[in-house]
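Residue-level structure breakdown
Residue-level listing of the chains:
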Amino acid sequence: MKMKRNLFNAIIAIGCLMFSSCEQDLPSYLSYSYTYSGVDADGGSWKPVLISSGAEIQIDAPADVNSAAYKEEISAAKTAIKNMTDAQRQNVTYWTNNPANRWNEIALELIAKYNLIPGPNADGTYTLPNAATPEGPPAFPFAHPPYAVRALAYLSVAQFDGLIAAWHYKYLYKRTAAYKNDNEIKFAYNDNDIPAYPSDAAVIANVSKDVLSVMFPLEKTYLERRAQEHLESILLAGGNVTSDIEAGKKIGSYVATKALARASTDGMRSAQTPKPVSDSIKTKAFERFGWAWDNLEIPARPVGLTPMFGKVKLWNVPNVEATRPIPPPAIGSEELKKDIEILKDYAANVTNERRRIANYWQDGLGTYTPPGHWNRFAKEFIIQYALNPLRTVRTYAYLNMSMMDGAISCWDTKYYYHFPRPINLIPGFKTIAGTPNFPAYTSGHSVFSSSGAEILAYVFPNEATKVRDWAKEAAISRVYGGIHWTFDATVGTEQGKAVASYTLAVARNDGAK
Amino acid sequence: MFTNTIIDQKHNTRNQRMKICFTDLGLRFSLFSTIFVCFFVQIQAQTPNDANMMDKREACLLLAYTHGSFDQYWEGSKLRENQTIATVQRQTILGMAAIGVIDKLNLYVGLPYVKAESSEVTGGHLAGVSGLQDVLVGLKYQLINAQSSTGTFSLFPSITFSTPVSNYLSDYQPYSLGLGTSEINWRLMAHYKLNKGIYTTIGAVHVWRGYTEAERDYYYNNGSFYTATMDVPSAWNFEALVGSWLFKNKLRLEVNYSSLRSISGDDIRAYNAPQPTNKVHMDRVGAFGQYYFNPEGGFGIVASYNTIFQGRNAPKMTSLNLGITYQFGY
């Protein structure tokens, strides 16, 4: 297979030699265009996460479509559409009729941009990113997996609540789309019967910009520009007039404020502890079990990654002990000895398949992290199954709440048990993946993946087998990489499922059918 | 690392003929010709980047060993160290053949074996890699060979093609065996030699590089890329050297300079691993020597030393090369 590809590359290269240019178009986002599989006319009655109901936000009744005020808005929209530049036309195509996917991509890109671990200073100390002085160096944030999944959870939950509110007023007021009220307006996307007021796309633009601007403070200007570009495209697409968009923006700002209020007091601020707190957590674990994990980097990092992330406020799991697994095999036990042999065998025999799996799921520094990977899968299924905007953000919201609860549960377990990594227990051991700066048990990849996979299996039952297999492969990939024990992976997978069961109990009762 | 090249040289002043096999260039310019985009150097060869030609029905074989190492690298333009990788060493064994096909046209074929690893236990505990890298095939043509009373001017166009022969992972830097992409080097080289034996060569190379496949299907390159395919930047390479023949043309010594400039690409991000998409710039100086036991053919030895003194997204690597050559008629 590989040889074939090499041969193929060789042929391409020779072709380039003769014809000078062979540039490939490498995708930086997913192109799509589709008709929604349903409209969810009852969506306004679904149970939101942070607001009491879709009616909580006050949105006034819009002007009638026969009113002079509305006709003036239609006329302004027509003028804008008539004067559309090529760049604006491209933006309309880019943002699509389901722009939550675009904002999810923007979030993943920012995660990848900021997922850089601070390096040591010249004197061997480490400086951590500081939200108070985000410019750094190092820049704030370090978008590691717990940070990433938290950012995604607040983004998606706020989007979900915002669209429930939008749906509530859409079907309360039932003002039809601009292109249905003036046949000179051509809709840029596939036709649908969802009422236009308030604009769901404007909700998404404002809520996403506001939440991400707090999560990535150095990107405020960039996000403002993207939001303006998005809002402009909504009018130019022909579905909405300005008052639709303004009402949507109002909802967006409201739910973003709610989400950010929760975020500001959820315990994340204390997750990265000072050294004395970190040391006492380690000492407690040592007294409890007789072992503790150590960072082996040179120079050693004084504190592991977010030792108190396990104390961050959960979304749906009642308390963190509810999903804390049994202790790992004791050091010196037969079970651990067996695992050491397995790890040594994998390290000595790196097969193509194991190497591929270890790398495919690695999602390490500089990437969108494992939660980002599962958001990408979600997006692809959302498009494949043609979900409408409300179903889309519902999917992201439960996915990311489940994975954030998974991260909290996993981090609680990691620092409660403080179990060493393979490089800590096997002398001279070498790995093909980088060993992260936190204890081994349980594997973050395993918990993220199964807590996410269970949500995707629920939303897309036809894909259940596939996504559960993926989660298992993501879990074992860390063992192939040499950085996790097999029980980190298997127990972590079960832990993720337990976490997801709480999320699913909420999802099944939110009113969506 | 080096590339090598082969060569043979006609020393046709005063009816004295001398052939030189595998001379250096390979050794000389090796890195560059090779690429290295980041941290590793491919041995690729470039080719025939020497101002020497094998005659028709003559061939030369080279077997060479290179040891290169670095404990600092440029992250963007900032020189740094990194205890996660500590000192990285790359050892290469290269087998190569130069064949005189017809007069004025030489064919080159080469294949390197590379081993890359951190030379001591590091903060990263990352495993090294080894294996066959890229096969190289090249052609060199002597376009001009003009003699005057003081010396000889020659002009050589050449082209080399290389492509991976094993499934090594290019996205495993700094240990990757190579860039994992096909490469075509278009070279033009001008050579002027005084009858006294002193000579100079300058060369320019356009290094076309294609795409490489990672084993992940998302990466960041000043933005998201949802694909396993990475665009490896093409580059320009300039070379200049001054040398002289000594001891009745049995020995020659050279000093050389070479520079590589990627045409596009991104910088290594703070304390992050390099990747094949990086923009790599390098400036290197070196010395080269070749000794031929018998100017009419048979065994010879080549040795070179070079060091990268300035760079961008490049290792501050120093390399030592040693090789034996054997030249024969067929």
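Just so it is clear, the structure is predicted and the values come from calculations on it, not from any experiment.

**A few points about the overall build of chain A**
- The helix and strand tally for chain A stands at 18 helices and 0 strands.
- Rg of the C-alpha trace for chain A: 25 Å, near the compact-globule value of 24 Å for 513 residues, within the 12% margin.
- Seen through its principal axes, chain A has C-alpha atoms that stretch 80 × 65 × 50 Å.
- The 513 residues of chain A split such that 60% are buried.
- Long-range pairs, those at least 24 residues apart, make up 85% of the contacts in chain A with a sequence separation of at least 6.
- For chain A, the accessible area works out to roughly 20,400 Å², and carbon and sulfur atoms hold 55% of it.
- In chain A, 53 positive and 50 negative side-chain charges are present, and the distance between their average locations comes to 3 Å.

**A closer look at the interface of chain A and chain B**
- Taken together, the contacts link 49 residues of chain A with 42 residues of chain B.
- Taken together, both faces of the contact between chain A and chain B bury some 4,100 Å²; the carbon and sulfur share is 56%.
- For the pair chain A and chain B, the number of links is 2 salt bridges.
- Two residues, R355 of chain A and E215 of chain B, come together in a salt bridge whose shortest N-O distance is 3.0 Å.
- Scanning the region where chain A abuts chain B turns up 15 residue pairs in polar contact (both at pLDDT 80 or more).
- Among the elements of the structure, α1 (2-19), α4 (100-114), α12 (352-360) and α13 (369-384) of chain A are those that each provide at least two residues to the side of chain A that touches chain B.
- Tallying contributions element by element places α1 of chain A first for the side of chain A that touches chain B, with 9 residues.
- Here the residues of the side of chain A that touches chain B sort into 24 nonpolar, 12 polar and 13 charged.

**What to know about the environment of P27 of chain A**
- Note on placement: P27 of chain A falls in the loop between α1 and α2 (68-82).
- The residues touching P27 of chain A, leaving out its near neighbours within four places in the chain, are S224, F225, Y226 and T227 of chain B.

**Observations regarding unusual backbone geometry**
- Put simply, G136 of chain A and P137 of chain A share a cis peptide bond, and its omega is 5 degrees.
- Looking at the element boundaries, P137 of chain A is found in the loop between α4 and α5 (145-173).
- The omega torsion across P137 of chain A and P138 of chain A is -5 degrees, close enough to zero to call that bond cis.
- Tracing the backbone through its elements, the reader meets P138 of chain A in the loop between α4 and α5.
- With a phi angle near 55 degrees, N222 of chain B is a residue other than glycine that sits in the positive phi range.
- Locating N222 of chain B in the fold gives a position in the loop between β13 (219-220) and β14 (224-225).
- A positive phi angle, near 55 degrees, is found at K248 of chain B, a position not held by glycine.
- Mapped onto the secondary structure, K248 of chain B falls in the loop between β16 (235-246) and β17 (251-262).

**Overview of the side chain of D134 of chain B**
All names here are of chain B.
- Mapped onto the elements of the fold, D134 is located in strand β7 (residues 134-141).
- Buried charged residue D134 carries no salt bridge. Nearest counter-charge: R209, at 8.6 Å.
- There is a polar contact of 2.8 Å between the side chain of D134 and the side chain of Y168.

**Thoughts on the pairing of strand β9 (residues 151-164) of chain B**
Residues and elements named next belong to chain B.
- With 11 of its 14 residues buried, β9 lies for the most part within the structure.
- Where β7 lies against β9, 7 bridges are found, and the strand directions are antiparallel. By the bridge assignment for β9, G138 is matched with T160.
- When strand β8 (residues 144-147) meets β9, the two strands line up antiparallel, connected through 4 bridges. The residue of β9 that forms the bridge with I144 is L155.
- With antiparallel pairing between neighbouring strands as the criterion, β8 and β9 make up a hairpin whose turn holds 3 residues.

**What about the packing of helix α7 (residues 200-215) of chain A against helix α9 (residues 242-264) of chain A?**
Residue and element names in this part refer to chain A.
- It is at 7 Å that the axes of α7 and α9 come closest, and there the two elements cross at 30 degrees. When the interaxial angle is binned, α7 and α9 end up roughly parallel. Here α7 and α9 pass one another in a crossing that is right-handed. For the pair formed by α7 and α9, the contact residues are A202, V203, N206, V207, D210, V211, V214 and M215 on the first element and I245, G248, K249, I251, G252, S253, V255, A256, L260 and A263 on the second.

**Let's talk about the nonpolar core**
- Core analysis: the biggest nonpolar cluster contains 180 residues, and W103, I106, V211, F216, W374, L456 and W485 of chain A have the highest contact counts within it.
- Within the second largest apolar cluster, 11 residues are counted, among which are L94, A98, L136 and F288 of chain B.

**Section: the domain arrangement of chain A**
Residues and elements named next belong to chain A.
- Taken as a whole, chain A is organised into domain 1 (52-264) and domain 2 (270-507).
- Each of domain 1 and domain 2 has a C-alpha centre, and the two are 31 Å apart.
- At the junction of the two partners, domain 1 supplies 38 residues and domain 2 supplies 44 residues.
- Around 3,400 Å² of area is buried between domain 1 and domain 2 when both sides are counted, 73% of it from carbon and sulfur atoms.
- The three residues of domain 1 that bury the most area against domain 2 are Y126, F160 and R262, which together make up 19% of that side's buried surface.
- Across the contact surface, domain 1 and domain 2 share 1 salt bridge.
- The residue K379 makes a salt bridge to E105 at a minimum N-O spacing of 2.6 Å.
- Our enumeration of links across domain 1 and domain 2 arrives at 12 residue pairs in polar contact (both at pLDDT 80 or more).
- Counting only elements with at least two residues in the side of domain 1 that touches domain 2, the list comes to α4, α5 and α7.
- Residue contributions to the side of domain 1 that touches domain 2 peak at 15 residues, all from α5.
- Tallied by class, residues from the side of domain 1 that touches domain 2 come to 25 nonpolar, 9 polar and 4 charged.

**Structural notes on helix α16 (residues 444-459) of chain A**
- Taking 1.5 Å as the rise per residue, α16 of chain A with 16 residues should run 22 Å; its terminal C-alpha atoms sit 23 Å apart, in good agreement.
- Among the 16 residues in α16 of chain A, 14 count as buried, and that is most of the element.

**Looking at the packing of aromatic side chains**
- What the rule picks out here adds up to 47 aromatic pairs over all chains.
- Both rings, one in W361 of chain A and one in F377 of chain A, keep their centres 5.8 Å apart while their planes meet at 65 degrees; by these two values the pair is edge-to-face. Residue W361 of chain A is located in the loop between α12 and α13, and its partner F377 of chain A is located in helix α13; the two are separated by 16 residues in the primary sequence. Per residue, the accessibility class of W361 of chain A equals that of F377 of chain A, and both read buried.
- Look at F381 of chain A and W470 of chain A: their rings are 6.0 Å apart centre to centre, the planes differ by 20 degrees, and that puts the pair in the stacked class. On the criterion of sequence distance, the pair formed by F381 of chain A in helix α13 and W470 of chain A in helix α17 (residues 464-480) is long-range, its members being 89 residues apart.
- By relative accessible area, W470 of chain A is classed as partly exposed at 24%.
- What links up through ring pairs into an aromatic cluster is the set F289, W291, Y416, Y417, F419, Y441, W485 and F487 of chain A.
- A cation sits over an aromatic face here: K379 of chain A above Y226 of chain B, 4.2 Å from the ring centre.
- Here the basic side chain of K414 of chain A rests over the ring of W411 of chain A, its NZ or CZ set 5.3 Å away from the ring centre.

Basis of the calculations
Residues numbered from 1 in each chain as written. Chains lettered and ligands numbered in written order. Predicted model: local features only at pLDDT ≥ 70, side-chain atom pairs only at ≥ 80, totals over all residues. Heavy atoms only, no water. Helix = DSSP H or I, 4+ residues; strand = E, 2+ residues; numbered from the N terminus. Rg over C-alpha atoms; globule rule 2.2 N^0.38 Å. Buried < 20%, exposed > 50% of the residue type's maximum accessible area, 1.4 Å probe, protein only. Contact = heavy atoms within 4.5 Å. Areas by Shrake-Rupley, 256 points an atom, 1.4 Å probe, with all protein chains shown as cover. Lys, Arg positive; Asp, Glu negative; His and termini not counted. Charge placed at Lys NZ, Arg CZ, Asp CG, Glu CD. Buried area = accessible area lost by both parts, 1.4 Å probe. Salt bridge = Lys/Arg side-chain N within 4 Å of Asp/Glu carboxyl O. Polar contact = N/O pair within 3.5 Å; in protein donor to acceptor, adjacent residues only side chain to side chain. Nonpolar A, V, L, I, M, F, W, Y, C, P; charged D, E, K, R; others polar. Pairing = 2+ DSSP bridges. Axes fitted to C-alpha atoms, helices over the stretch in contact; angles between N-to-C directions. Parallel < 35°, antiparallel > 145°, perpendicular 65-115°, else oblique. Left-handed = near helix turned anticlockwise from the far one by under 90°. Core = buried A, V, L, I, M, F, W, Y, C linked by side-chain atoms within 4.5 Å. Domains from an automatic or database assignment. Expected span 1.5 Å × (residues − 1). Phe/Tyr/Trp six-rings, centres within 6.5 Å; stacked < 30°, edge-to-face > 60°. Lys NZ or Arg CZ within 6 Å of the ring centre and 35° of its normal.

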